[in-house]
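Here's the letter readout for the chains.
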Amino acid sequence: MTESGTVLITGPTRNLGRHAVLAMAGRPPGQRPDLLLVGRAGKDLTAVADEARARGARVHEIGCDLSRLSDVRAAAATARDLLATGTVRPLRGLIANAGVMSADTRQSSPDGYETTFAVNHLAHAQLIGGLLASFTAPARVVLLGSNTYHANVWRKLLHVAEAEWADPVELARPAPGGQAPSMTASGVAYSTAKLAILYYAHELQRRAGDGIAVSVFEPGWMPGTALGRGAPAAARAISRALGRVPGVSTPRRSGPLLAAIALDDTWAHLRDGAFVVKSTPTEVEPVAHDRARERRLWEATAELLERAGAPR
Ligand SMILES: NC(=O)c1ccc[n+]([C@@H]2O[C@H](COP(=O)([O-])OP(=O)(O)OC[C@H]3O[C@@H](n4cnc5c(N)ncnc54)[C@H](OP(=O)(O)O)[C@@H]3O)[C@@H](O)[C@H]2O)c1
């Protein structure tokens, strides 16, 4: 890590996020960042914070349900206060790790938005927007992508539906009440949210200025994490079984790789939403570069966030 500072991470409570936290906390003192852990308040958040402290890190827990945008605004305000008062070192990194694949796309967040889109994209856009002026250059924003954004072999094998782009205001709308929940609808929402993250990364880099480098990390397929917790039991059992296949990614293996993207000098050159699959920079498919969609996503996101902040 060139400059020591603070890294904020969302979704630190389990699997990939937890292992990234432990990897960062376990670095030697000169390379170990202060950590802001943004996750649902409770024993899991306390447990990972305690584990990180036991490794020597200075840690602050920021309780936040990312599906609730008022919580996200409050979390950004807390982080700004900790930075402004010098309670933690300058903000050099933000890892937008939290993710969800809602089993029922009719389900809406407290703000009325489809949950997968709300947590994966809107919450992070709100958080990053609220902290943009608080970063100290050189800083890194690492977003979490997934290869499911396009029609790849794994996605087909696992029957995760591919992205179906639409205007972001439509993507944020929960499915109509009469529509039965299905794995297809759930997969479409997840893959589309991950495509949105690539578009957002490209636009964020254009707007954030030179001091903030934006990249997108793909941890590899990690079967058996809580991501598919709402999926039918049979699908979860298959996923757990596949997790035992040698060579398949695991949070324990990919967490340190994510930490490295946020901290290591080797990755200081990443920017413009560069997509890294585990440790391999990878060219995204042409569908993931679209200036018109990227601009519209930025504008629509601002509208959706503003609408959620408006008094009801
Ligand atoms: N698993 C894979 O194969 C795979 C592949 C490619 C990309 N990814 C991406 O990698 C990231 C981590 O995935 P994972 O497999 O480690 O997922 P996971 O086991 O489901 O963990 C997700 C994390 O996000 C948090 N989270 C979800 N909804 C939240 C909310 N409303 N408020 C606050 N926190 C919330 C969870 O907190 P709680 O503990 O409170 O639920 C948890 O810490 C995700 O962005 C995922 O899309 C995963």
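This structure is a prediction, so every number in the text was calculated from the model and none was measured. (Residues numbered from 1 in each chain as written. Predicted model: local features only at pLDDT ≥ 70, side-chain atom pairs only at ≥ 80, totals over all residues.)

A count of helical and extended segments in the protein chain gives 10 helices and 8 strands. Against the compact-globule benchmark of 20 Å for 312 residues, the protein chain has a radius of gyration of 18 Å, which places it among compact chains. Principal-axis analysis of the C-alpha atoms gives the protein chain an extent of 55 × 50 × 40 Å. Looking at the protein chain as a whole, 50% of its 312 residues are labelled buried. Residue pairs at least 24 apart in sequence account for 78% of intrachain contacts in the protein chain once pairs closer than 6 positions are excluded. (Helix = DSSP H or I, 4+ residues; strand = E, 2+ residues; numbered from the N terminus. Rg over C-alpha atoms; globule rule 2.2 N^0.38 Å. Buried ≥ 20, exposed ≤ 12 C-beta atoms within 10 Å, placed from the backbone. Contact = placed C-beta atoms within 7 Å.)

A few words now on the sheet that holds strand β1 (residues 6-10). Read across the open sheet, the 8 strands follow the order β3-β2-β1-β4-β5-β6-β7-β8; overall the sheet is mixed. Looking at strand neighbours, the two that pair on one side only are β3 (59-63) and β8 (280-282), the edges of this open sheet. The mean inter-strand angle of the sheet, taken between neighbouring strand axes irrespective of direction, is 25°. Sheet topology places strand β4 (residues 91-96) next to strand β5 (residues 135-144); 5 bridges connect them, and they run parallel. Bridge assignment links I95 to a residue of β5, and that residue is V142. Running at roughly 175° to β4, helix α4 (residues 115-131) makes contact with β1, β4 and β5 of the sheet. (Pairing = 2+ DSSP bridges. Axes fitted to C-alpha atoms, helices over the stretch in contact; angles between N-to-C directions.)

With respect to spatial proximity, 27 residues lie near the ligand, and among them G11, N15, G99, T225 and A226 are the closest. In terms of residue class, the shell around the ligand is made up of 12 nonpolar, 10 polar and 5 charged. (Near = placed C-beta within 6 Å. Nonpolar A, V, L, I, M, F, W, Y, C, P; charged D, E, K, R; others polar.)

A general feature of soluble globular proteins is that nonpolar side chains tend to end up buried together. Within the largest apolar cluster, 95 residues are counted, with the highest numbers of intra-cluster contacts made by V21, L35, L37 and L122. Among the elements that make up this core, the one with the highest residue count is helix α7 (residues 183-208) (13 residues). In this structure L35 touches V7, I9, V21, M24, A25, A52, A57 and V59, once residues within four positions along its chain are discounted. (Core = buried A, V, L, I, M, F, W, Y, C linked by C-beta atoms within 7 Å.)

Further remarks concern the pairing of β1. The side chains of a regular strand alternate, first on one face of the sheet and then on the other. In terms of burial, β1 is largely enclosed, as 5 of its 5 residues are buried. Residue alternation in β1 divides its side chains into two sets, T6, L8 and T10 and V7 and I9, and both sets are buried. Here β1 pairs with strand β2 (residues 34-39) via 5 bridges, running parallel. Looking across to β2, one finds that I9 is bridged to L37. Once the chain exits β1 it traverses helix α1 (residues 15-25) before rejoining the sheet at β2, and the crossover so formed is right-handed. When β1 meets β4, the two strands line up parallel, connected through 4 bridges. If you follow I9 over to β4, its bridge partner there is I95. (Right-handed = clockwise from strand over helix to strand, strands pointing away.)

This next bit is on helix α10 (residues 291-309). Along its 19 residues, α10 runs 27 Å from first to last C-alpha, staying within 8% of the 27 Å computed at 1.5 Å per residue. Among all positions in α10, only R293, E294, L297, T301, L304, L305 and A308 are buried. Angular distribution of buried residues about the axis of α10 spans 100°; they occupy a single face of the element. Away from its buried face by more than 90 degrees, α10 exposes R291, A292, E299, A302, E303 and E306. (Expected span 1.5 Å × (residues − 1). Arc of directions from axis to C-beta.)

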